[in-house]
Amino acid sequence: KTCIECLTRALSIYRRILNNGTKVSSTCQEIANHMLRKGKFDEAHKFVSKALDIRQSTLGTRHILTGESLYCKGSIFFGQSEYEQSLSCLQLALYIFMEKRGNMQSKAKTLYMIGCIQEKLDLFDNALASLKESLAHHRKCGHFDSVDVARTLRRLGIVHQAKEEYSYSRSCLKESLRIGINQ
C-alpha cells in the first residue's frame, strides 16, 4: 500500500508541477506493474493504458518503452483470461522487441507468454515454436540454468505432454526439475 501511495503522490507532482510526460508514463507503468503483481487487473489496466497513450504519442509506436507497456497490457489480459486480446498486445510488443537489437530478455519473456496463450488456445504446434524460440533467446543471453529457463522447459514439457509426445515431455520436465533443484 505504501508503494502505491508514494507512486500516486509522485504521479500527482509530475502532472501538476513538471508536466513531464516521460515521468508520468514511467510512474503510471510502475503503478500498473505493481497492480498486476497484486492481481488488481482493472486498476492495472487503467494505469498501463495511460502509460501506453503517453508513450505512443511522445516516444512513438515502435519505442522499446511502448513495447514494455504493450507487454504489461498483454499480461493483464492474460490474467483476465482474455487470450485473444492478450495475444494481440504481446505480438505487437514482440514486433517492437524484435526490431530492436539486443533486448533478448524482453524477446524471451514475450515469446514465453505467447507460447502460454497458444497452449491455452490449443495451438500446440505454435506454442512449441514460441517456447523453443524463447528458450533460444534465454540461451543467447547466457542463461542456461536460470529460473526462466526452467519455467520455459516446464511449459515445453506440458505442451509435449498435451501432444502425447511423452519422451520429449519427460526430457523437458527432467531438465526443468534439475535446474529447479540447483537453484
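Attention in this report is confined to the structure presented alongside it.

### Looking at the overall build of the protein
- For the protein, the helix and strand inventory stands at nine helices and zero strands.
- Secondary structure elements of the protein, listed N to C terminal, follow the sequence α-α-α-α-α-α-α-α-α.
- The principal-axis extent of the C-alpha atoms belonging to the protein is close to 60 × 30 × 30 Å.
- Counting the 183 residues in the protein, one finds 41% classified as buried.
- Of the roughly 10000 Å² of accessible surface on the protein, 51% is carried by carbon and sulfur atoms.
- The averaged location of the 18 negative side-chain charges in the protein is 7 Å from the averaged location of its 28 positive side-chain charges.

### Some thoughts on the nonpolar core
- Counting residues in hydrophobic clusters, the biggest one holds 14 residues, and the most contacted among them are Leu70, Tyr71, Leu90, Ala93, Ile114 and Ile117.
- Mapped onto this core, the elements with two or more residues apiece are helix H4 (64–79), helix H5 (83–99) and helix H6 (104–120).
- When residues in this core are grouped by element, the largest group, seven residues, is from H5.
- In contact with Leu70, not counting residues within four places along its chain, are Leu52, Cys89, Leu92, Ala93 and Ile96.

### With respect to unusual backbone geometry
- For Asp122, which is not glycine, the phi torsion reads 60° and is therefore positive.
- Structurally, Asp122 is set in the loop between H6 and helix H7 (124–140).
- Owing to a relative accessible area of 53%, Asp122 belongs among the exposed residues under this scheme.
- With phi around 60°, Glu164 is a residue other than glycine that occupies positive phi space.
- Within the secondary structure, Glu164 is located in the loop between helix H8 (147–162) and helix H9 (166–182).
- Residue class for Glu164 comes out exposed when judged on its relative accessible area of 59%.

### Section: the packing of aromatic side chains
- By the definition in use, this model includes one aromatic pair.
- Cation over ring: Lys109 sits above Tyr71, and NZ or CZ is 4.5 Å from the ring centre.
- Geometry around Tyr112 places Arg151 over its ring, the cationic atom sitting 4.5 Å from the centre.

### Focus on H9
- Its 17 residues place the ends of H9 24 Å apart at the C-alpha level, agreeing with the 24 Å of an ideal helix rising 1.5 Å per residue.
- Of all the positions in H9, only Ser169, Cys172, Ser176 and Ile179 are classed as buried. The buried residues of H9 all sit within an arc of 100° when viewed along its axis, so they share a single face. Along H9, exposed side chains directed more than 90 degrees from the buried face belong to Arg170, Lys174, Leu177, Ile181 and Asn182.
- As for H9, its buried residues are in contact with H8.

### Some details on the pattern of salt bridges
- For the coordinates displayed, the defined rule picks out seven salt bridges.
- The residue Asp145 makes a salt bridge to Arg178 at a minimum N-O spacing of 2.8 Å. Placement of Asp145 in the loop between H7 and H8 and of Arg178 in helix H9 is noted, with a sequence separation of 33 residues between them.
- Its relative accessible area of 32% is what places Arg178 among the partly exposed residues.
- Each of Asp125, Lys163 and Glu165 takes part in one network of salt bridges that share partners.

Conventions and cut-offs
- Residues numbered from 1 in each chain as written.
- Predicted model: local features only at pLDDT ≥ 70, side-chain atom pairs only at ≥ 80, totals over all residues.
- Heavy atoms only, no water.
- Helix = DSSP H or I, 4+ residues; strand = E, 2+ residues; numbered from the N terminus.
- Buried < 20%, exposed > 50% of the residue type's maximum accessible area, 1.4 Å probe, protein only.
- Areas by Shrake-Rupley, 256 points an atom, 1.4 Å probe, with all protein chains shown as cover.
- Lys, Arg positive; Asp, Glu negative; His and termini not counted.
- Charge placed at Lys NZ, Arg CZ, Asp CG, Glu CD.
- Core = buried A, V, L, I, M, F, W, Y, C linked by side-chain atoms within 4.5 Å.
- Contact = heavy atoms within 4.5 Å.
- Phe/Tyr/Trp six-rings, centres within 6.5 Å; stacked < 30°, edge-to-face > 60°.
- Lys NZ or Arg CZ within 6 Å of the ring centre and 35° of its normal.
- Expected span 1.5 Å × (residues − 1).
- Arc of directions from axis to C-beta.
- Salt bridge = Lys/Arg side-chain N within 4 Å of Asp/Glu carboxyl O.

Worth remembering: the numbers are spatial, not functional.
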